[in-house]
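Architecture and fold: a report
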Amino acid sequence: MESNTQNTSVATTEQKPKTGIQKISAFLNAENVKTKFTEILGSRGQGFVASVLAACSQNESLKKATTESIYSAALMAATLDLPINPNLGFAFLIPYTKNSGKPNEITEAQFQISAKGFKQLAQRSGQFKLISESIVYEGQLVSENPLEGFKFDWNIKSDVVIGYVSYFRLTNGFESTFYMSKQKAEAHALKYSQTYKSSTKWIKDSSKWTTDFDAMALKTVTKLNLSKNAPLSIEMQKAVELDQGVLDGEEVDYIDNRKPTLDENNREKEEARLSK
């Protein structure tokens, strides 16, 4: 009788499986994981892991992301030495849900670099004397010449956004200006972001292009200007490749730029029909 009581006591005190932030915390604080980040970042490894965990704890959707995708995104950031800290704004973990509403629904964390992050990487190379980006307002674009580039008048004030521009000057004197109209930025978002082009409202509303269009547009012109016109260090080449990706083994999967499956297209059409 006494033995049965003890067994019951043991059974009732068994811990439930960890979920959400507890599961992520247990994973990131495993010795092999902490050792990996220490190998990459040295004494800053533990602080980096803490910042990743803090970012996840502040985002309900990230709490649902797979530990593997969070780990791979964090590794990308650590490899580039870009902190995952929303207050610093160099790089972010962005949650994306696949197969929403289906039995195989899964949320993954995508690594995303901001314009500020790309500028930080460029400055580290020692080749850039100046690098900047700006929103362009109505009246500020004075002229556009396919051979000589663009001219702007920054003294003109307006509240109407017409485009976005990135500029850099190298230490050897080379200069590059990359301008994109707001319409072209919109077209770029619709072409490369499956969430932004979605006909399902809640999916479109969750897109970073919806929640912070200007920041995404500025990041886009910065990234394109650097990738097209700047001398790219090995680190910068890696940043261009890893940005907005999820590691799938040795391959980088661009989950927000993946073509939707037939089932996903049909489900979106049905949801749109029912919402009318």
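These remarks concern the structure in this document. Note that this is a predicted model, so its numbers are computed, not measured.

Criteria and thresholds
Residues numbered from 1 in each chain as written. Predicted model: local features only at pLDDT ≥ 70, side-chain atom pairs only at ≥ 80, totals over all residues. Heavy atoms only, no water. Helix = DSSP H or I, 4+ residues; strand = E, 2+ residues; numbered from the N terminus. Buried < 20%, exposed > 50% of the residue type's maximum accessible area, 1.4 Å probe, protein only. Areas by Shrake-Rupley, 256 points an atom, 1.4 Å probe, with all protein chains shown as cover. Pairing = 2+ DSSP bridges. Core = buried A, V, L, I, M, F, W, Y, C linked by side-chain atoms within 4.5 Å. Contact = heavy atoms within 4.5 Å.

Moving on: the overall build of the chain. In terms of regular secondary structure, the chain is built from 12 helices and 9 strands. Split into buried and exposed, the 276 residues of the chain put 38% on the buried side. About 15,900 Å² of surface is accessible on the chain, with carbon and sulfur atoms providing 50% of the total.

With 4 bridges joining them, strand E4 (residues 141–145) and strand E5 (residues 149–152) adopt antiparallel strand pairing. Residue pairing for E5: serine 143 is matched across the bridge by lysine 151. The hairpin formed by E4 and E5 contains 3 residues between the paired strands.

Right, let's get into the nonpolar core. One finds Phe48, Val52, Ile84, Phe111 and Leu226 to be the most contacted residues of the largest nonpolar core, which totals 41 residues. For this core, the element with the most residues is helix H5 (residues 67–79), which contributes 7 residues. With near-sequence residues (within four places) excluded, valine 52 lies in contact with Leu28, Ile70, Ala74, Ile84 and Leu93. In terms of nonpolar packing, the next biggest core, distinct from the first, is built from 15 residues, Val161, Tyr164, Trp209 and Val221 among them.

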